[in-house]
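Geometric and topological summary
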Amino acid sequence: MHPALQGVATIVIGVGACLAYFYGSNQFLDRVLFPAKGPNAGRNINRANMVRPWLFLFPALFALCLYLAYPVVETLRLSLTDRNQDGAFVGLANYAQMASEPKFWEAMRNNMLWLIVVPALSTAFGLLAAQLTDRIKWGNIAKSLIFMPMAISFVGASVIWKLVYDARPPGTEQIGVLNALYVWFTGNDPQQWLTVPFWNNFFLMIVLVWIQTGFAMVILSAALRGIPEETIEAAIVDGANPFQIFFKIKVPQIMGTILVVWTTITIVVLKVFDIVYAMTNGQWETQVLANYMFDKLFRANDWGVGSASAMVIMLLVTPILVWNVWNARKEMR
Amino acid sequence: MDNIAGHKSSLTWAVHISVVVLVALWLFPTVGLLVSSFRTADQIATSGWWSSLSQQERQNPAIRLEGAEVLDGGLYVIEGALFPGLEAEVSAWGTSSRAPEAYAPGETAELTKGRTVTVDAAGNFRMTAETSQEGARLPRVFTTATTPPEFTLENYRQVLGGGSGTDDMSRAFISTLTVTVPATIIPIVVAAFAAYALAWMDFPGRALLVAFVVGLLVVPLQLALIPLLKLHLGIGIGKGYLGVWLAHTGFGLPLAIYLLRNYMVGLPRDIIENARVDGATEFQIFTKIILPLSFPALASFAIFQFLWTWNDLLVAKVFLIDSTGRTTVMTNQIVELLGTRGGNWEILATAAFVSISVPLVVFFAMQRYLVRGLLAGSVK
């Protein structure tokens, strides 16, 4: 069968099965299990209504538990066992082995750099773009163009930026814009930007900043518009200049939103894999945790250390997780 | 607001200029890829894409002469054009790579075995020889010429089915689509029911479940890779479409439930209570009232999930692509191209652009919903 046909067939079956479950289970509940007629009609309706939320929730809960909750526990277990010894419990041996690898510490160092640089730059650029575009007529067009990279895959973005960083031998015309400018301004030989240790990390980070700035801009722009006019008018009357208004009146009022944007990008950064995988694959000292983990899992086939590094990522995410849950609880009260 | 007397004009100009610069910076890399995808390999390799729009003088790669032989006054003559159909202006030319600019237009080069070559300014050549050149390798000509901008669709033909091996993205395109559509629709269906239960049904433990979903929102999917791959292999799903749909469904659910629940909670209570009083079942309320009213939230999540599954590499690599590679998705194929054909920018740029064009269309068509979803999903 042609793959396209196969695809269509599976779509129909998959979605059909989902709908059939909901419709069928509700029908079963109302007609067969607790029919709303006969001697026990009233009690049956109450019972049906007790069960129904769980009927609605069941597929979602099942998938959530199986695909997100269970793996957290299982990964923790795997990180404490050794696959080669038939899954024997080895305590923290995997973690010890991981800590002895320089590549791991390189990944940690780079991840910390990413964690500082990417959210900071994305938020700063996003705030700048939001503030500037809010004041001009064609601001919406400008916004949607800055926002556009959000739709581009990390892999696509990697190709786009690899072209920017491309280097040709000295003396020939450069086709990567960065080297073209570099040669033109400095007269030096073109550089293989992605192979220059340490600084190449920043060239990779630029890609993510480029993608995430639009996100920050959209959220912050909405927050800026939500600022009460009176506070700004009062500042103008008091003779504040535009910069004072921005930094002393507007920014403090949207601090909460800035924090949300910051943490959201932080989570993206912790999981960043595609960009490093596609552009350098962790060579030239650009390793990050997610790619280190992928390496361990699927190249070295070392599930113990792979799981241990996944747990490190989980550990780094945990503060944000707790903070989010705490906020959500506070809101529901 | 900030138009205090005297400040306005200069500041407004500064704002306009800064925005222009910012937009240009953000757009420049993508435009580069788009322009490159319409250029030939030679053009990409010899000049920056930014110079492709203007007339440019550059040294062209060698062109081997070819054409029909005519016997003219005892000499075998081959005539033709170096740049058929193009308005080129040759400023210098040569017959060896060591001296590619040895001759001016109109001059005649004397080659070995009694052959001569003449190239004029318009790019026409005339080659003469004392013996027949039938079956012989004709000389190559190097030119430095000004040629008008030239674009080609050949790369797209290669990538969309004409190319061989990994150049051909059509199969990967179909696979990506096959992964994406069910992986977008199934979580919506599953999450909508759950979100309704969490928003409008009363049962013990509801608040706890909402907190549970919020917590799962940030769990890195890296943790799920090994346990789930083991599970899939263990229960016989193996690597394939079914596995990748299930995985995407699982990973997309927290956001879906969260977004939809937040939206549904905001729907007017009266409508739902009235329907209940009128004897509508919960299933009817859900399908006839809640679903149509929640369309904006459904659309925002659909766009998120679509972009995420279309652009995904990691989940597809782990749960879908087996050793035969028959179900490879576009992102994976592009990464492979980066490895094997890293220098072939014409194929790479075109493949990447084919892959990002669909999300871009969705993005520009449905940006409103995407923005609304972002705002609902993160500002809390």
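What you see is a predicted model; the values in this text were computed from it and never measured. (Residues numbered from 1 in each chain as written. Chains lettered and ligands numbered in written order. Predicted model: local features only at pLDDT ≥ 70, side-chain atom pairs only at ≥ 80, totals over all residues. Heavy atoms only, no water.)

Our next topic: the overall build of chain B. Within chain B one finds 14 helices and nine strands. In terms of overall dimensions, chain B has a C-alpha envelope of 105 × 75 × 35 Å along the principal axes. Taken over 380 residues, chain B has a buried fraction of 52%. Of the contacts made within chain B by residues no fewer than 6 positions apart, 69% connect residues no fewer than 24 positions apart. For chain B, the exposed surface amounts to about 16,200 Å²; the carbon and sulfur share of it is 59%. Taking the 25 positively charged and 28 negatively charged side chains of chain B as two groups, their mean positions are separated by 13 Å. (Helix = DSSP H or I, 4+ residues; strand = E, 2+ residues; numbered from the N terminus. Buried < 20%, exposed > 50% of the residue type's maximum accessible area, 1.4 Å probe, protein only. Contact = heavy atoms within 4.5 Å. Areas by Shrake-Rupley, 256 points an atom, 1.4 Å probe, with all protein chains shown as cover. Lys, Arg positive; Asp, Glu negative; His and termini not counted. Charge placed at Lys NZ, Arg CZ, Asp CG, Glu CD.)

With that settled, consider the domain arrangement of chain A. All names here are of chain A. Domain assignment breaks chain A into domain 1 (3-79) and domain 2 (98-332). Between the C-alpha centres of domain 1 and domain 2 the distance comes to 39 Å. At the interface, five residues of domain 1 touch five residues of domain 2. Counting each side, the surface lost to burial between domain 1 and domain 2 is near 450 Å², with a carbon and sulfur contribution of 84%. Summed over the three residues of domain 1 that lose the most area to domain 2, namely Thr75, Leu78 and Ser79, the buried surface amounts to 72% of that side. Counting across the domain 1 and domain 2 interface gives zero salt bridges. Along the contact surface separating domain 1 from domain 2 lie zero residue pairs in polar contact (both at pLDDT 80 or more). In terms of residue class, the side of domain 1 that touches domain 2 is made up of three nonpolar, two polar and no charged. (Domains from an automatic or database assignment. Buried area = accessible area lost by both parts, 1.4 Å probe. Salt bridge = Lys/Arg side-chain N within 4 Å of Asp/Glu carboxyl O. Polar contact = N/O pair within 3.5 Å; in protein donor to acceptor, adjacent residues only side chain to side chain. Nonpolar A, V, L, I, M, F, W, Y, C, P; charged D, E, K, R; others polar.)

In the structure shown here, the tally under the stated rule is eight salt bridges over all chains. The residue Asp134 of chain A makes a salt bridge to Arg225 of chain A at a minimum N-O spacing of 3.3 Å. Taken as a pair, Asp134 of chain A in the loop between α4 (102-133) and α5 (139-147) and Arg225 of chain A in helix α8 (residues 199-225) lie far apart in primary sequence, 91 residues in all. Given the relative accessible area of 27%, Asp134 of chain A is considered partly exposed. Here the salt bridges do not stand alone but share partners, grouping Glu74 and Arg77 of chain A together with Lys230 of chain B into one network.

Partitioning chain B into structural domains gives domain 1 (8-53), domain 2 (56-148) and domain 3 (158-378). Distance between the C-alpha centres of domain 2 of chain B and domain 3 of chain B: 58 Å.

Let's shift gears to the sheet that holds strand β4 (residues 75-81) of chain B. Residues and elements named next belong to chain B. One open sheet holds the five strands; their spatial order is β3-β4-β8-β7-β6, and the pairing between them is antiparallel. Pairing within the sheet leaves two strands with one partner each, and these edge strands are β3 (69-72) and β6 (108-110). Looking at each pair of strands side by side, their axes are set apart by 25 degrees on average, direction ignored. Here four bridges tie strand β7 (residues 116-119) to strand β8 (residues 124-129), and the two strands are oriented antiparallel to one another. Bridge pairing in β8 links Thr116 to Thr128. (Pairing = 2+ DSSP bridges. Axes fitted to C-alpha atoms, helices over the stretch in contact; angles between N-to-C directions.)

All names here are of chain B. Taking 1.5 Å of rise per residue, the 21 residues of helix α13 (residues 345-365) would be expected to cover 30 Å, and the 29 Å separating its terminal C-alpha atoms lies within 8% of that figure. The sharpest bend along α13 measures roughly 30 degrees and falls at Ile356, with the proline Pro359 sitting one to four residues further on. Most of α13 sits out of view: 16 of its 21 residues are buried. (Expected span 1.5 Å × (residues − 1). Bend = angle between axes of the 7 residues up to and from the residue.)

With 109 residues of chain B at the interface, the matching set in chain A holds 108 residues. Where chain B abuts chain A, roughly 9,900 Å² becomes buried across the two surfaces, and 81% of that area is made up of carbon and sulfur atoms. Ranking the residues of chain B by area buried against chain A places Trp26, Leu223 and Trp345 of chain B at the top, with a combined share of 8%. Among the salt bridges present, the one from Glu74 of chain A reaches Lys230 of chain B, with a minimum N-O distance of 3.3 Å. Here the side of chain B that touches chain A takes 17 residues from helix α1 (residues 8-36) of chain B, the largest share from any one element.

Here we come to helix α2 (residues 41-79) of chain A. Taking 1.5 Å per residue, 39 residues should reach 57 Å; α2 of chain A reaches 54 Å between its end C-alpha atoms and fits that length. The largest bend in α2 of chain A comes to about 50 degrees, at Leu57 of chain A, with the proline Pro59 of chain A one to four residues further on.

Moving on, we get to the UniProt feature "domain: ABC transmembrane type-1" (unreviewed entry) in chain A. Here, the residues flagged by UniProt with the feature "domain: ABC transmembrane type-1" (unreviewed entry) are residues 108-324 of chain A. Between the C-alpha atoms that bound residues 108-324 of chain A the distance is 24 Å, and the span itself is 74% helix and 0% strand. (UniProt positions renumbered as here; feature names shortened; annotations may be inferred.)

Residues and elements named next belong to chain B. Note that Thr184 resides in helix α4 (residues 170-200). A residue is classified by how much of its surface remains accessible, and Thr184, at 8% relative accessible area, is buried. If sequence neighbours within four positions are ignored, Thr184 has contacts with Ala302, Gln305, Phe306 and Thr309.

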